[in-house]
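Topology and contacts: notes
What follows is the residue order along each chain.
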Amino acid sequence: MTALDLGRTGQPVPDAPTLLRVARRRSTTRDGILIGVFSIVVVVLFVVALVFGPKTIPLPDVLRALGGQTVPGASFAVIELRLPRAIGALLVGAAFGVGGMLFQTLLRNVLASPDVIGISAGSSVAAITAISFFGASGLVVSGAAIAGGLLTALLIWALAYRRGLSGLRFVLVGIAVAAALQAVISYVLTRSDINAAEQATVWMAGSLSRSLWDQVGPTAPVLIALLTVSLLAATRLPVLRLGDDSATALGARPQRTRTLLILCAVLLVAVATSLTGPIAFVAFLAGPIVLRVVRRDSALPVASALIGAIVVLGADAVAQHAFPADLPVGVVTGAIGAPFLLWLLMRGRTRA
């Protein structure tokens, strides 16, 4: 043992590989604890959504109703009203969280959120057009929203692609497309009759009021499948963050993987928007929050899904119980997200 191997106290100093293993073990343990805490918060908020409402239902009665027993005054409220709403909030929050994180990570800019770059606006244009001009409702509106989001993403991609995809160019093109789509939304609303305009306005505010079994039933399996594929594909994010040359040297296919992940992000956001409308800033908030508390890239996808679910479930609880009248959940998330965006811009922290 040389002198360099001894600390000031004369004790052996661990070599660099040992220190690296210890640091990784600590990061893994810390991230595991955080994900466990996030999961507990999601479960608590989910239970709160089932227990509290216009009438508070005791937890034992909720559990009995979930177990299939007929509980007078509880079974209908829990099974037909609160359970689909809570499931919708959970899945939509997770979808927005993962979708936003994928956009922000792949394009390396925190402004690359579906709210900012026009994906949500594209879904909104298609949905309110179907509502206002064709009298559509239900799954037809959902299908229109999905198609609108996909077409908007394709348009932004085509306009931003120049011998590769630049995150900054993608964001700037998306902001321009979003501004144009907002003009289209205003035009559609001014040309709609009062009833259609009111329905379209409620949809655009982002509301869980449509989250009943007739909407959640067809949408939930799609969101679960998309979340599963996205979480599995996102295991390649740590390699992609090394750069294309390093990723290729490690045997990855960065262009193909990046395209798959962006497609998953677009589908997650479009399908989630089709169920609840564009809930503002959920996709934007999840990524920056997770990047500040999670240390390992491999933990980002799961943590983003949990943070998104926490934001939507928590905002829905506030929207239902903190005001005299129920508010759309998008009003609460917008009130949270707008100051957060201003704070990031003022501090110059828009680079991922």
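Our structure is the block above this text.
Conventions and cut-offs
Residues numbered from 1 in each chain as written. Predicted model: local features only at pLDDT ≥ 70, side-chain atom pairs only at ≥ 80, totals over all residues. Heavy atoms only, no water. Helix = DSSP H or I, 4+ residues; strand = E, 2+ residues; numbered from the N terminus. Buried < 20%, exposed > 50% of the residue type's maximum accessible area, 1.4 Å probe, protein only. Contact = heavy atoms within 4.5 Å. Expected span 1.5 Å × (residues − 1). Phe/Tyr/Trp six-rings, centres within 6.5 Å; stacked < 30°, edge-to-face > 60°. Axes fitted to C-alpha atoms, helices over the stretch in contact; angles between N-to-C directions. Left-handed = near helix turned anticlockwise from the far one by under 90°. Nonpolar A, V, L, I, M, F, W, Y, C, P; charged D, E, K, R; others polar. Salt bridge = Lys/Arg side-chain N within 4 Å of Asp/Glu carboxyl O. Core = buried A, V, L, I, M, F, W, Y, C linked by side-chain atoms within 4.5 Å. Polar contact = N/O pair within 3.5 Å; in protein donor to acceptor, adjacent residues only side chain to side chain. Parallel < 35°, antiparallel > 145°, perpendicular 65-115°, else oblique.

1. Quick look at the overall build of the protein chain
Along its length, the protein chain carries 15 helices and zero strands. Here the protein chain holds 352 residues, and 48% of them are scored as buried. Here the analysis covers contacts within the protein chain between residues at least 6 apart in sequence; of these, 75% occur between residues at least 24 apart.

2. Describing helix α5 (residues 119-134)
With 16 residues, α5 ought to run about 22 Å at 1.5 Å a step, and its terminal C-alpha atoms sit 22 Å apart, in line with that. With respect to burial, α5 is a largely interior element, 12 of its 16 residues being buried. Elements that come into contact with the buried residues of α5 comprise α3 (75-107), α4 (114-117), α6 (139-160), α7 (167-190), α8 (194-205) and α12 (254-276). Among the residues trailing α5, G135 stands out with phi positive, at a value near 65 degrees.

3. Some remarks on the packing of aromatic side chains
Pairs of aromatic rings are described using the distance from one ring centre to the other and the angle between the two planes. Counted under the stated rule, the structure contains two aromatic pairs. Between W157 and Y161 the ring centres are 6.3 Å apart and the planes differ by 10 degrees, which places this aromatic pair in the stacked class. Residue class for Y161 comes out partly exposed when judged on its relative accessible area of 38%. A ring pair is formed by F281 and F284, whose centres lie 5.8 Å apart and whose planes are at 70 degrees; its orientation type is edge-to-face. The same class applies to F281 as to F284, namely buried.

4. Remarks on the packing of α6 against α12
With their axes 8 Å apart at the nearest point, α6 and α12 run at an angle of 145 degrees to one another. The element α6 and its partner α12 pack so that their crossing is right-handed. Across the interface between the two elements, S142, A145, I146, G149, L150, A153 and W157 of α6 pack against T259, I262, V266, L267, A270, V271 and S274 of α12. In terms of residue class, the contact of α6 with α12 is made up of 10 nonpolar, four polar and no charged.

5. Examining α12
Its 23 residues place the ends of α12 33 Å apart at the C-alpha level, agreeing with the 33 Å of an ideal helix rising 1.5 Å per residue. Burial analysis of α12 places 17 of its 23 residues in the buried class, which makes it a mostly covered element. Backbone geometry just after α12 places G277 at a positive phi near 85 degrees.

6. A short note on the pattern of salt bridges
Applying the stated criterion across every chain, the model contains three salt bridges. The closest approach of N and O atoms between R30 and D31, which form a salt bridge, is 3.8 Å.

7. A word on the nonpolar core
If you look at the biggest cluster of nonpolar residues, it comprises 88 residues, and the most contacted ones within it are F96, L102, F103, L261 and F284. The residues contacting F284, other than those within four sequence positions of it, are Q104, V110, L111, S113, D115, G337, F340, L341 and L344. L50, V71, A74 and L83 belong to the second-largest nonpolar core, a separate cluster that totals 13 residues.

8. What to know about unusual backbone geometry
Positive phi values are uncommon outside glycine, yet R108 reaches one of about 55 degrees. Among the structural elements, R108 can be located in the loop between α3 and α4. The phi angle at F281 is positive, at roughly 70 degrees, despite the residue not being glycine. Accessibility expressed as a relative area gives 16% for F281, which makes it buried.

9. Describing the side chain of Q104
Relative to the elements of secondary structure, Q104 occurs in helix α3. Within the local environment of Q104, its side chain forms a polar contact with the backbone oxygen of V110, the two atoms lying 3.0 Å apart.

10. So, the packing of α5 against α7
α7 packs onto α5 with a crossing angle of 15 degrees between their chain directions and a minimal axis gap of 9 Å. Relative to α7, the element α5 lies roughly parallel. For α5 against α7, the interelement crossing comes out left-handed. Between α5 and α7, the residues in contact are A121, G122, S124, V125, I128, T129, S132 and F133 and L181, Q182, V184, I185 and V188, respectively. Considering only residue class, the contact of α5 with α7 consists of eight nonpolar, five polar and no charged.

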